[in-house]
Amino acid sequence: MTGEQSGLEIGIGRRARRAYGFDEVALVPGGVTLNPDEVDISFAMGEQFRLDIPVWGAAMDGVVDVDFAIAMGKLGGVAVLNLDGVHTRYADSRPIIERIAAADKASINAVLKEVYREPVKPHLITERIKTIKAAGVPCAVSTVPGRAEERAQLVQAAGADVLVVQGTVLTARHSSRSYHQLGFEDLVRSCDIPVVVGNCVHYETALELMETGIAGILVGVGPGAACTTRGVLGVGVPQVTATADVAAARDEHMRRGGRRVAVITDGGMRIGADVCKAFASGADAVMIGTPLAGAEESASKGYNWGMATPDPNLPRGTRIHVGTKATLKEILLGPARVDDGSQNFAGALRSALGVCGAHDIPEFQHVEMVIAPSITSEGKSLQQSQHVGMGKG
(Lines give C-alpha, C1' and ligand atoms only; values in the text may rest on other atoms or scores of the structure.)
Protein backbone atom coordinates (compact mmCIF):
# COMPACT_ATOMS: atom_id res chain seq x y z
CA MET A 1 0.00 0.00 0.00
CA THR A 2 1.44 3.40 -0.95
CA GLY A 3 1.78 6.31 1.47
CA GLU A 4 -1.13 8.07 -0.29
CA GLN A 5 -3.42 5.11 0.36
CA SER A 6 -2.41 4.42 3.96
CA GLY A 7 -2.85 6.43 7.13
CA LEU A 8 -5.54 8.82 8.27
CA GLU A 9 -7.22 11.35 6.01
CA ILE A 10 -6.16 14.87 6.98
CA GLY A 11 -7.86 16.59 4.03
CA ILE A 12 -9.22 15.82 0.60
CA GLY A 13 -6.60 13.73 -1.16
CA ARG A 14 -4.14 14.00 1.74
CA ARG A 15 -3.39 11.24 4.22
CA ALA A 16 -0.93 11.01 7.09
CA ARG A 17 0.47 8.04 8.96
CA ARG A 18 0.13 8.00 12.75
CA ALA A 19 3.54 8.12 14.45
CA TYR A 20 4.46 7.54 18.09
CA GLY A 21 6.85 9.04 20.62
CA PHE A 22 8.23 7.67 23.87
CA ASP A 23 5.36 8.90 26.04
CA GLU A 24 2.77 7.06 23.92
CA VAL A 25 4.00 3.47 24.23
CA ALA A 26 4.87 0.96 26.96
CA LEU A 27 6.61 -2.41 27.08
CA VAL A 28 4.84 -5.64 27.96
CA PRO A 29 6.56 -7.90 30.54
CA GLY A 30 7.75 -11.26 29.26
CA GLY A 31 6.46 -14.70 30.18
CA VAL A 32 9.89 -15.44 31.63
CA THR A 33 11.93 -13.01 33.71
CA LEU A 34 15.73 -12.92 34.01
CA ASN A 35 18.29 -11.76 36.52
CA PRO A 36 19.25 -8.22 35.36
CA ASP A 37 22.86 -8.91 36.37
CA GLU A 38 23.03 -11.71 33.82
CA VAL A 39 21.77 -9.89 30.70
CA ASP A 40 24.10 -8.48 28.05
CA ILE A 41 23.74 -4.78 27.16
CA SER A 42 27.08 -4.39 25.38
CA PHE A 43 27.31 -2.76 21.96
CA ALA A 44 29.32 -3.80 18.92
CA MET A 45 29.71 -2.10 15.56
CA GLY A 46 31.52 -4.47 13.24
CA GLU A 47 34.67 -6.13 14.53
CA GLN A 48 36.51 -2.95 15.41
CA PHE A 49 34.33 -1.06 17.84
CA ARG A 50 32.81 -2.31 21.12
CA LEU A 51 31.32 -0.67 24.21
CA ASP A 52 30.36 -2.07 27.59
CA ILE A 53 27.25 0.12 27.66
CA PRO A 54 25.36 1.14 24.49
CA VAL A 55 25.35 4.87 25.20
CA TRP A 56 26.89 7.64 23.07
CA GLY A 57 27.31 11.20 24.30
CA ALA A 58 26.00 13.63 21.70
CA ALA A 59 28.49 15.89 19.92
CA MET A 60 27.37 19.05 21.71
CA ASP A 61 29.90 21.60 22.88
CA GLY A 62 28.12 22.23 26.17
CA VAL A 63 28.46 18.55 27.04
CA VAL A 64 31.50 16.95 25.40
CA ASP A 65 35.01 18.27 25.71
CA VAL A 66 38.19 16.18 25.95
CA ASP A 67 37.87 15.59 29.69
CA PHE A 68 34.22 14.52 29.37
CA ALA A 69 35.07 12.14 26.51
CA ILE A 70 37.73 10.52 28.67
CA ALA A 71 35.40 10.24 31.67
CA MET A 72 32.62 8.65 29.61
CA GLY A 73 35.02 6.25 27.92
CA LYS A 74 36.25 5.02 31.29
CA LEU A 75 32.65 4.27 32.28
CA GLY A 76 32.11 2.05 29.23
CA GLY A 77 30.40 4.41 26.76
CA VAL A 78 31.69 6.86 24.18
CA ALA A 79 31.28 10.64 23.88
CA VAL A 80 31.47 12.23 20.44
CA LEU A 81 33.65 15.32 20.08
CA ASN A 82 32.27 17.98 17.72
CA LEU A 83 35.03 18.89 15.24
CA ASP A 84 33.05 21.98 14.20
CA GLY A 85 32.70 23.23 17.76
CA VAL A 86 34.56 25.58 20.06
CA HIS A 87 36.90 22.88 21.35
CA THR A 88 38.66 22.75 17.96
CA ARG A 89 38.46 26.49 17.34
CA TYR A 90 40.17 27.67 20.53
CA ALA A 91 43.27 26.32 22.24
CA ASP A 92 41.55 26.97 25.56
CA SER A 93 37.80 26.59 25.11
CA ARG A 94 36.90 26.97 28.78
CA PRO A 95 36.51 30.80 28.73
CA ILE A 96 34.32 30.47 25.62
CA ILE A 97 32.06 27.90 27.25
CA GLU A 98 31.81 30.08 30.35
CA ARG A 99 30.90 33.11 28.22
CA ILE A 100 28.12 31.17 26.46
CA ALA A 101 26.79 29.90 29.79
CA ALA A 102 26.82 33.40 31.31
CA ALA A 103 25.08 35.19 28.42
CA ASP A 104 21.55 36.42 29.08
CA LYS A 105 18.57 35.43 26.93
CA ALA A 106 18.66 38.67 24.93
CA SER A 107 22.30 38.28 23.86
CA ILE A 108 22.86 34.51 23.67
CA ASN A 109 22.24 34.15 19.92
CA ALA A 110 24.63 37.00 19.12
CA VAL A 111 27.27 35.51 21.43
CA LEU A 112 26.98 32.09 19.80
CA LYS A 113 27.31 33.51 16.30
CA GLU A 114 30.36 35.52 17.32
CA VAL A 115 32.33 32.76 19.03
CA TYR A 116 31.68 30.26 16.22
CA ARG A 117 33.14 32.63 13.60
CA GLU A 118 36.63 31.63 14.74
CA PRO A 119 37.90 29.03 12.25
CA VAL A 120 38.50 25.40 13.14
CA LYS A 121 42.22 24.61 13.55
CA PRO A 122 43.37 21.24 12.09
CA HIS A 123 46.20 20.98 14.63
CA LEU A 124 43.65 21.23 17.45
CA ILE A 125 41.67 18.35 15.93
CA THR A 126 44.79 16.21 16.02
CA GLU A 127 45.68 17.33 19.53
CA ARG A 128 42.20 16.63 20.95
CA ILE A 129 42.03 13.14 19.44
CA LYS A 130 45.49 12.18 20.65
CA THR A 131 44.71 13.36 24.16
CA ILE A 132 41.55 11.24 24.31
CA LYS A 133 43.34 8.17 22.93
CA ALA A 134 46.26 8.63 25.33
CA ALA A 135 43.78 8.05 28.17
CA GLY A 136 43.07 4.56 26.80
CA VAL A 137 39.43 5.15 25.83
CA PRO A 138 37.52 5.06 22.51
CA CYS A 139 37.48 8.28 20.50
CA ALA A 140 34.57 9.27 18.24
CA VAL A 141 34.47 12.57 16.39
CA SER A 142 31.73 14.33 14.46
CA THR A 143 31.97 16.52 11.36
CA VAL A 144 29.53 18.30 9.09
CA PRO A 145 29.16 16.57 5.69
CA GLY A 146 30.92 19.36 3.80
CA ARG A 147 34.15 18.77 5.74
CA ALA A 148 34.06 14.98 6.01
CA GLU A 149 36.30 14.16 3.03
CA GLU A 150 39.04 16.61 3.94
CA ARG A 151 39.05 15.53 7.60
CA ALA A 152 38.82 11.76 7.12
CA GLN A 153 42.54 11.14 6.80
CA LEU A 154 43.40 13.69 9.48
CA VAL A 155 41.23 12.05 12.14
CA GLN A 156 42.42 8.56 11.21
CA ALA A 157 46.05 9.60 11.41
CA ALA A 158 45.39 11.10 14.83
CA GLY A 159 43.94 7.81 16.07
CA ALA A 160 40.16 8.31 16.12
CA ASP A 161 38.09 5.11 16.32
CA VAL A 162 34.87 6.36 14.68
CA LEU A 163 34.01 9.14 12.23
CA VAL A 164 30.48 10.51 12.57
CA VAL A 165 29.12 12.58 9.68
CA GLN A 166 26.20 14.55 11.04
CA GLY A 167 23.70 16.99 9.57
CA THR A 168 20.12 17.97 10.32
CA VAL A 169 18.97 15.45 7.68
CA LEU A 170 21.25 13.28 5.54
CA THR A 171 20.44 11.25 2.44
CA ALA A 172 22.48 9.16 0.03
CA ARG A 173 21.27 11.35 -2.85
CA HIS A 174 21.71 15.06 -2.24
CA SER A 175 21.43 17.51 -5.16
CA SER A 176 23.23 20.83 -5.34
CA ARG A 177 24.55 23.02 -8.16
CA SER A 178 26.60 25.27 -5.89
CA TYR A 179 28.82 22.85 -3.95
CA HIS A 180 30.38 19.39 -4.14
CA GLN A 181 28.21 16.57 -2.83
CA LEU A 182 29.77 14.15 -0.38
CA GLY A 183 29.78 10.58 -1.69
CA PHE A 184 29.35 8.19 1.23
CA GLU A 185 30.57 5.17 -0.72
CA ASP A 186 33.84 6.95 -1.52
CA LEU A 187 34.17 8.17 2.06
CA VAL A 188 33.64 4.69 3.49
CA ARG A 189 36.21 3.20 1.09
CA SER A 190 38.75 5.81 2.15
CA CYS A 191 38.32 5.06 5.85
CA ASP A 192 39.78 2.23 7.88
CA ILE A 193 37.54 3.19 10.80
CA PRO A 194 33.73 2.86 11.01
CA VAL A 195 31.69 5.69 9.51
CA VAL A 196 28.41 6.63 11.20
CA VAL A 197 26.03 9.02 9.43
CA GLY A 198 22.86 10.87 10.35
CA ASN A 199 20.35 12.04 10.88
CA CYS A 200 17.60 9.97 9.31
CA VAL A 201 13.98 9.02 10.13
CA HIS A 202 12.80 7.34 6.91
CA TYR A 203 12.87 3.68 5.85
CA GLU A 204 13.86 4.08 2.18
CA THR A 205 16.41 6.78 2.95
CA ALA A 206 17.98 4.65 5.68
CA LEU A 207 18.16 1.65 3.36
CA GLU A 208 19.95 3.68 0.68
CA LEU A 209 22.41 5.04 3.22
CA MET A 210 23.12 1.54 4.53
CA GLU A 211 23.87 0.32 1.03
CA THR A 212 26.78 2.78 0.82
CA GLY A 213 28.72 0.71 3.37
CA ILE A 214 28.29 2.83 6.49
CA ALA A 215 28.70 1.15 9.88
CA GLY A 216 26.03 3.03 11.79
CA ILE A 217 23.12 5.42 11.34
CA LEU A 218 21.73 8.09 13.68
CA VAL A 219 17.94 8.30 14.02
CA GLY A 220 16.20 11.53 14.92
CA VAL A 221 15.27 14.87 13.41
CA GLY A 222 14.59 17.56 15.98
CA PRO A 223 13.67 15.54 19.11
CA GLY A 224 16.45 16.84 21.37
CA ALA A 225 15.71 19.27 24.20
CA ALA A 226 18.05 21.91 22.75
CA CYS A 227 17.00 21.44 19.11
CA THR A 228 14.37 23.63 17.44
CA THR A 229 14.33 21.99 13.99
CA ARG A 230 10.72 20.90 14.39
CA GLY A 231 9.71 24.42 15.40
CA VAL A 232 11.74 26.18 12.71
CA LEU A 233 11.24 23.81 9.78
CA GLY A 234 8.24 21.75 10.86
CA VAL A 235 10.21 18.61 10.01
CA GLY A 236 10.51 15.50 12.16
CA VAL A 237 9.10 12.09 13.09
CA PRO A 238 8.49 10.93 16.71
CA GLN A 239 11.33 8.73 17.87
CA VAL A 240 9.55 5.41 18.47
CA THR A 241 8.20 5.32 14.91
CA ALA A 242 11.42 6.72 13.42
CA THR A 243 13.54 4.11 15.22
CA ALA A 244 11.25 1.25 14.23
CA ASP A 245 11.29 2.34 10.58
CA VAL A 246 15.08 2.63 10.41
CA ALA A 247 15.46 -0.67 12.29
CA ALA A 248 13.23 -2.29 9.66
CA ALA A 249 15.61 -0.94 7.00
CA ARG A 250 18.53 -2.47 8.93
CA ASP A 251 16.81 -5.85 8.96
CA GLU A 252 16.00 -5.64 5.25
CA HIS A 253 19.58 -4.64 4.48
CA MET A 254 20.79 -7.73 6.36
CA ARG A 255 18.25 -9.91 4.55
CA ARG A 256 19.66 -8.73 1.23
CA GLY A 257 23.08 -9.91 2.27
CA GLY A 258 24.44 -6.75 3.82
CA ARG A 259 26.18 -6.62 7.16
CA ARG A 260 24.42 -5.31 10.24
CA VAL A 261 24.36 -1.52 10.42
CA ALA A 262 24.08 -0.13 13.95
CA VAL A 263 20.92 1.89 14.54
CA ILE A 264 21.57 4.66 17.07
CA THR A 265 18.55 6.59 18.33
CA ASP A 266 19.69 10.19 18.73
CA GLY A 267 17.81 12.60 20.99
CA GLY A 268 14.51 12.96 22.80
CA MET A 269 15.36 10.69 25.73
CA ARG A 270 15.03 12.27 29.16
CA ILE A 271 14.82 9.30 31.53
CA GLY A 272 15.59 5.60 31.74
CA ALA A 273 12.15 4.64 30.45
CA ASP A 274 12.76 6.55 27.20
CA VAL A 275 16.11 4.82 26.76
CA CYS A 276 14.51 1.41 27.26
CA LYS A 277 11.74 2.18 24.77
CA ALA A 278 14.30 3.28 22.18
CA PHE A 279 15.96 -0.16 22.35
CA ALA A 280 12.61 -1.95 22.28
CA SER A 281 11.77 0.05 19.15
CA GLY A 282 14.84 -1.38 17.44
CA ALA A 283 17.86 0.68 18.48
CA ASP A 284 21.28 -0.93 18.96
CA ALA A 285 22.52 2.10 20.91
CA VAL A 286 21.33 5.52 22.00
CA MET A 287 22.89 8.97 21.72
CA ILE A 288 21.95 11.42 24.47
CA GLY A 289 22.91 15.01 25.14
CA THR A 290 20.83 17.03 27.58
CA PRO A 291 20.68 14.34 30.32
CA LEU A 292 24.49 14.31 30.26
CA ALA A 293 24.68 18.10 30.35
CA GLY A 294 23.54 17.80 33.95
CA ALA A 295 26.62 15.79 34.88
CA GLU A 296 29.27 17.34 37.08
CA GLU A 297 31.82 16.48 34.38
CA SER A 298 29.99 18.21 31.50
CA ALA A 299 31.89 20.91 29.64
CA SER A 300 29.45 23.69 30.61
CA LYS A 301 28.44 22.40 34.04
CA GLY A 302 24.72 22.39 33.29
CA TYR A 303 24.06 24.10 29.93
CA ASN A 304 23.43 22.67 26.50
CA TRP A 305 22.92 23.95 22.98
CA GLY A 306 22.40 22.18 19.67
CA MET A 307 24.97 21.83 16.92
CA ALA A 308 22.87 24.03 14.60
CA THR A 309 22.31 26.76 17.22
CA PRO A 310 25.10 29.07 15.98
CA ASP A 311 23.97 28.90 12.33
CA PRO A 312 24.30 32.52 11.10
CA ASN A 313 21.26 32.39 8.81
CA LEU A 314 18.68 30.04 10.35
CA PRO A 315 19.50 28.76 13.85
CA ARG A 316 17.78 25.45 14.61
CA GLY A 317 18.67 25.15 18.26
CA THR A 318 18.72 27.05 21.50
CA ARG A 319 20.72 27.16 24.72
CA ILE A 320 18.99 25.54 27.65
CA HIS A 321 19.88 25.39 31.34
CA VAL A 322 19.77 21.94 32.88
CA GLY A 323 21.71 22.53 36.05
CA THR A 324 24.23 20.19 37.64
CA LYS A 325 22.35 17.17 38.98
CA ALA A 326 24.69 14.22 39.47
CA THR A 327 28.02 12.70 38.56
CA LEU A 328 28.36 11.10 35.15
CA LYS A 329 28.76 7.72 36.85
CA GLU A 330 25.46 8.18 38.68
CA ILE A 331 23.65 9.11 35.46
CA LEU A 332 25.05 6.20 33.48
CA LEU A 333 25.68 3.45 36.01
CA GLY A 334 24.15 4.57 39.30
CA PRO A 335 23.46 4.11 42.05
CA ALA A 336 20.57 6.53 41.55
CA ARG A 337 20.01 9.13 44.26
CA VAL A 338 16.62 10.18 42.84
CA ASP A 339 13.42 8.36 41.91
CA ASP A 340 12.49 10.07 38.64
CA GLY A 341 14.43 7.87 36.19
CA SER A 342 17.09 10.48 35.41
CA GLN A 343 19.94 8.37 36.81
CA ASN A 344 21.36 4.86 36.25
CA PHE A 345 20.35 4.45 32.62
CA ALA A 346 22.33 1.22 32.31
CA GLY A 347 20.61 -0.20 35.37
CA ALA A 348 17.19 0.70 33.96
CA LEU A 349 18.06 -1.01 30.70
CA ARG A 350 19.29 -4.15 32.45
CA SER A 351 16.15 -4.30 34.57
CA ALA A 352 13.90 -3.81 31.54
CA LEU A 353 15.63 -6.66 29.72
CA GLY A 354 15.19 -8.84 32.78
CA VAL A 355 11.50 -8.02 33.22
CA CYS A 356 10.81 -8.62 29.53
CA GLY A 357 12.80 -11.87 29.43
CA ALA A 358 15.42 -10.69 26.93
CA HIS A 359 18.97 -12.01 27.27
CA ASP A 360 20.47 -9.24 25.14
CA ILE A 361 19.54 -6.17 23.13
CA PRO A 362 18.76 -8.04 19.87
CA GLU A 363 16.16 -10.07 21.80
CA PHE A 364 14.87 -6.95 23.51
CA GLN A 365 14.22 -5.38 20.10
CA HIS A 366 11.37 -7.85 19.65
CA VAL A 367 9.50 -7.44 22.95
CA GLU A 368 5.80 -6.68 22.78
CA MET A 369 4.80 -3.01 22.92
CA VAL A 370 1.43 -1.39 23.49
CA ILE A 371 0.08 2.05 22.73
CA ALA A 372 -0.31 3.61 26.17
CA PRO A 373 -0.45 7.42 26.05
CA SER A 374 -1.80 7.66 29.61
CA ILE A 375 0.55 5.22 31.32
CA THR A 376 2.74 7.94 32.81
CA SER A 377 -0.25 9.40 34.65
CA GLU A 378 -2.27 6.24 35.33
CA GLY A 379 -2.72 5.89 39.08
CA LYS A 380 -0.14 8.63 39.78
CA SER A 381 -2.41 11.38 41.15
CA LEU A 382 -0.73 11.37 44.57
CA GLN A 383 2.73 11.70 43.00
CA GLN A 384 1.48 14.59 40.88
CA SER A 385 -0.19 16.43 43.75
CA GLN A 386 2.88 15.99 45.95
CA HIS A 387 5.39 16.69 43.15
CA VAL A 388 7.40 13.55 43.85
CA GLY A 389 8.57 10.65 41.70
CA MET A 390 6.83 10.78 38.30
CA GLY A 391 4.95 13.91 39.37
CA LYS A 392 8.01 16.15 39.53
CA GLY A 393 7.56 17.39 35.98
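Residues numbered from 1 in each chain as written. Predicted model: local features only at pLDDT ≥ 70, side-chain atom pairs only at ≥ 80, totals over all residues. Heavy atoms only, no water.

> Sorry if this is basic, but what is going on with the packing of helix α1 (residues 66–74) against helix α4 (residues 122–134) here?
Helix packing for two helices is described by the angle between their axes and how far apart those axes are. Taken N-terminus to C-terminus, the directions of α1 and α4 make an angle of 30°; their axes are 9 Å apart at the nearest point. Between α1 and α4, the crossing angle belongs to the class labelled roughly parallel. The crossing of α1 and α4 is right-handed. Contacts between α1 and α4 involve V66, A69 and I70 from the former and R128, T131 and I132 from the latter. (Axes fitted to C-alpha atoms, helices over the stretch in contact; angles between N-to-C directions. Helix = DSSP H or I, 4+ residues; strand = E, 2+ residues; numbered from the N terminus. Parallel < 35°, antiparallel > 145°, perpendicular 65-115°, else oblique. Left-handed = near helix turned anticlockwise from the far one by under 90°. Contact = heavy atoms within 4.5 Å.)

> Please explain the packing of aromatic side chains as it appears in this structure.
What describes a pair of aromatic rings is the distance from one ring centre to the other and the angle between the planes of the rings. Counted according to the given criterion, the structure contains 2 aromatic pairs. Between F43 and W56, the aromatic rings sit 6.0 Å apart at their centres with planes inclined by 85°, giving edge-to-face as the arrangement. Of this pair, F43 sits in strand β4 (residues 43–45) while W56 is found in strand β6 (residues 55–57), placing the two residues 13 residues apart along the sequence. Judged on exposure class, the residue F43 and its partner W56 are both buried. Each ring, one from F49 and one from W56, has its centre 5.6 Å from the other, and the planes form 50°; the classification is tilted. On the accessibility criterion, F49 (3% relative accessible area) is buried. Under the relative-accessibility criterion, W56 is labelled buried at 0%. An aromatic cluster of three or more residues is present, and its members are F43, F49 and W56. (Phe/Tyr/Trp six-rings, centres within 6.5 Å; stacked < 30°, edge-to-face > 60°. Buried < 20%, exposed > 50% of the residue type's maximum accessible area, 1.4 Å probe, protein only.)

> Got a minute to help me understand the side chain of D61 in this structure?
Relative to the helices and strands, D61 resides in the loop between β6 and α1. Put simply, D61 is tucked away with no salt bridge, and the nearest opposite charge, on R89, sits 6.2 Å away. A polar atom in the side chain of D61 sits 2.8 Å from the backbone nitrogen of V86. Sequence-distant contacts of D61, that is, excluding residues within four places in its chain, are made with N82, G85, V86, H87, I97, Y116, A299 and W305. (Lys, Arg positive; Asp, Glu negative; His and termini not counted. Salt bridge = Lys/Arg side-chain N within 4 Å of Asp/Glu carboxyl O. Polar contact = N/O pair within 3.5 Å; in protein donor to acceptor, adjacent residues only side chain to side chain.)

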